[in-house]
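# A structural walkthrough
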Amino acid sequence: MSTNKPRITPTFNFVTEGSWGWKIALIYDVFMIFLIIINLFCLSSNAILMSDFATWIFDLFRISDILYFYRGELHPWVVITESWFTSLLIIELIMRWIIAIIFKQHQRWFFFPFVHWYEVLAVIPQLRFLRLLRAGVIAYQLHEHGYQIFPKSWYKQVNFYYNLLMEELSSRIVLTVLSGIRTELTTSTTHKQLITNIINQHRQLLALTLTDILQETLGRELQQQRRMIAQDVGLIVNKAIEDTPELTQLLRLIPIVGSRIEQQIQSIGQRLGENITQGLLQPFTNNTQQNNKNYQYISDKISQIPIENNPHLEELVESVVFQSLDAIQQQVKIKHWQQILDESKNESRQNKE
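Residues numbered from 1 in each chain as written. Predicted model: local features only at pLDDT ≥ 70, side-chain atom pairs only at ≥ 80, totals over all residues. Heavy atoms only, no water.

## Quick look at the overall build of the protein
Applicable threshold: Going along the chain from the N terminus, every DSSP run of H or I of four or more residues is numbered as a helix, and every run of E of two or more is numbered as a strand. Burial classes: relative accessible area under 20% of the type maximum marks a residue as buried, over 50% as exposed, and values in between as partly exposed (1.4 Å probe, protein chains only). Whether two residues are in contact is decided by their heavy atoms, any of which lying within 4.5 Å being enough. The protein chains shown are the only cover counted for residues, whose accessible areas, like all others here, come from Shrake-Rupley with a 1.4 Å probe.
Along the backbone of the protein there are 15 helices and zero strands. Scored against the burial criterion, the 353 residues of the protein give a buried share of 27%. The contacts of the protein with a sequence gap of at least 6 include a subset with a gap of at least 24, amounting to 66%. As displayed, the protein offers around 25000 Å² of accessible surface, 64% of which is attributable to carbon and sulfur atoms.

## Remarks on the side chain of Glu119
For Glu119, the location among the structural elements is in helix α5 (residues 117-122). Judged by relative accessible area, Glu119 falls into the buried class, the value being 7%. The contact partners of Glu119, leaving out residues within four places of it in the chain, are Leu93, Arg96 and Arg134.

## As for the nonpolar core
Filter applied, for reference: Only buried residues count toward a nonpolar core. Its members are Ala, Val, Leu, Ile, Met, Phe, Trp, Tyr and Cys residues joined through side-chain atoms within 4.5 Å.
Met32, Ile33, Ile36, Ile138 and Leu142 are the most contacted members of the largest nonpolar core, which has 13 residues in total. Ranked by residues supplied to this core, first place goes to helix α1 (residues 20-49) with six residues.

## Points about the packing of α1 against helix α6 (residues 130-144)
This is how the line gets drawn: The convention used is that axes are lines fitted to C-alpha atoms, helices contributing only their stretch in contact, and that angles between N-to-C directions extend from 0 to 180 degrees. Every angle not falling under 35 degrees, over 145, or within 65 to 115 is termed oblique; those three ranges are roughly parallel, roughly antiparallel and roughly perpendicular. We call a crossing left-handed when the near helix sits turned anticlockwise from the far one by less than a right angle, and right-handed when that turn is clockwise. Side-chain classes are defined by residue name, with Ala, Val, Leu, Ile, Met, Phe, Trp, Tyr, Cys and Pro counting as nonpolar, Asp, Glu, Lys and Arg as charged, and the others, Gly among them, as polar.
Interaxial distance between α1 and α6 falls to 9 Å at its minimum, and their mutual angle equals 150°. By the angle class used here, α1 and α6 are roughly antiparallel. Between α1 and α6 the crossing geometry is left-handed. The residues of α6 that touch α1, namely those facing Leu26, Tyr28, Asp29, Val30, Met32, Ile33, Ile36, Asn39, Leu40 and Leu43, are Arg131, Leu132, Arg134, Ala135, Ile138, Ala139 and Leu142. Here the contact of α1 with α6 is composed, by residue class, of 13 nonpolar, one polar and three charged.

## Remarks on a nonpolar patch on the surface
Worth spelling out the cut-off: Patch membership requires over 30% relative accessible area and the absence of a salt bridge. Like charges are linked within 9 Å, and nonpolar side chains (Val, Leu, Ile, Met, Phe, Trp, Tyr) within 5 Å. Salt bridges are identified by distance alone: a Lys or Arg side-chain nitrogen within 4 Å of an Asp or Glu carboxyl oxygen.
Together, Ile48, Phe53, Trp56, Leu60, Phe61, Ile63 and Ile66 make up an exposed nonpolar region whose accessible area comes to about 780 Å². For the nonpolar patch, the element with the highest residue contribution is helix α2 (residues 52-60), accounting for three residues.

## Topic: the pattern of salt bridges
Scanning all chains against the criterion turns up six salt bridges. Residue Arg96 is joined to Glu92 by a salt bridge in which the shortest nitrogen-to-oxygen separation is 3.2 Å. One end of the pair is Arg96 and the other is Glu92, both in helix α3 (residues 64-102) and four residues apart, which spans about a single turn. In this structure, Arg96 and Glu92 share a single accessibility class: buried. Between Arg96 and Glu119 there is a salt bridge, with the nearest N and O atoms lying 2.5 Å from each other. Of this pair, Arg96 sits in helix α3 while Glu119 sits in helix α5, placing them 23 residues apart in sequence. Exposure class is identical for Arg96 and Glu119. Each is buried. Shared partners join several salt bridges into a network, and the residues in it are Glu92, Arg96, Glu119 and Arg134.

## Details of the side chain of Glu82
Structurally, the position occupied by Glu82 is in helix α3. On the basis of relative accessibility, which here comes to 8%, the residue Glu82 falls in the buried class. When sequence neighbours within four positions are dropped, the list of residues in contact with Glu82 reads Asn39, Leu43, Arg128 and Arg131.

## As for the packing of aromatic side chains
Each aromatic ring pair is specified by the distance between its two centres and by the angle formed by the two planes. Stated precisely, the cut-off is as follows: Only Phe, Tyr and Trp rings take part, Trp by its six-membered ring, and two of them pair if their centres are within 6.5 Å. Stacked means planes under 30 degrees apart, edge-to-face means over 60, and tilted covers everything else.
In this structure the tally under the stated criterion is seven aromatic pairs. Pairing Phe53 with Trp56 gives two aromatic rings, centres 6.2 Å apart and planes at 35°, and the pair type is tilted. Of this pair, Phe53 and Trp56 both sit in helix α2, three residues apart, which is roughly one turn of that helix. With respect to class, Phe53 is no different from Trp56; both count as exposed. Their ring planes at 75° and their centres at 5.2 Å tell us that Phe160 and Tyr161 sit as a pair that is edge-to-face. On the basis of relative accessible area, Phe160 is assigned to the buried category, the value being 15%. Ring pairs connect the aromatic residues Trp97, Trp109, Phe110, Phe111 and Phe112, which therefore count as one cluster.

Here is the structure:
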């Protein structure tokens, strides 16, 4: 097996892998698994046989003598063995704690009961079901080391239902939190201030984003359309001179050269308009600057627009917030375990075909 893969160590993780101590630790883990399973099986059977349901079943099949024999003769032994097993777990837990302190398995001596909290709680009679969790942890540790205690299909099923449980729990928690946020935003009078605070915290990032967008899009478009814009402005200036009757009448008073001067003025005006336009567009089309100061100035001004004074901007921000919550809720509602189950069914159906 690859040594680069992180491994989960068995109960006694201070022994060298492959040594006799390692093998004894593995045997001990396997022994504890079956001991815990037998103990829980006895407790479950005892709880059923001591219930009214068992009385009704045994009376129905007219075998009440067997039940009375169990309750009178075997039940006391189950109670005694349970007390013995609980004492064994307490002694075993204390011994492992001492060993953990001696070999410094944890950074602090008192970390052991917190790391093995389920074992500590399993000593309590009302929480004996947690012993099954310890058996599962040991089985998983052995599985990580390549020792197959249970069939692979069992591991696969347990892993599937574990992921199902975790996904359902996390989905319920996330959906509850999101619903609470939505309710707070729709009913509270302070939600506008909350949104405003969020925007204020991101104004600098918004300005940088706007700068990049303006420089990448507007700057490129202006660079491509620069000559056409200059020509259009020149034609507008030329048209403006033509549409100025006072200038036309004044130039026509000059004999011989008046019309010539008029044409020259129109040509100069057109060229002047083109050159002015080129000069005005130059700062916005200078792609050699990584951060164009003109776009930075515009972005800073836009990012500082107060939301309270612009109802359309306020509505836009609220819409983005609520739609983001909706998108997260829809994503959380997706049941990935259902998809895995469907894929597994399809694969099994294909294999049968």
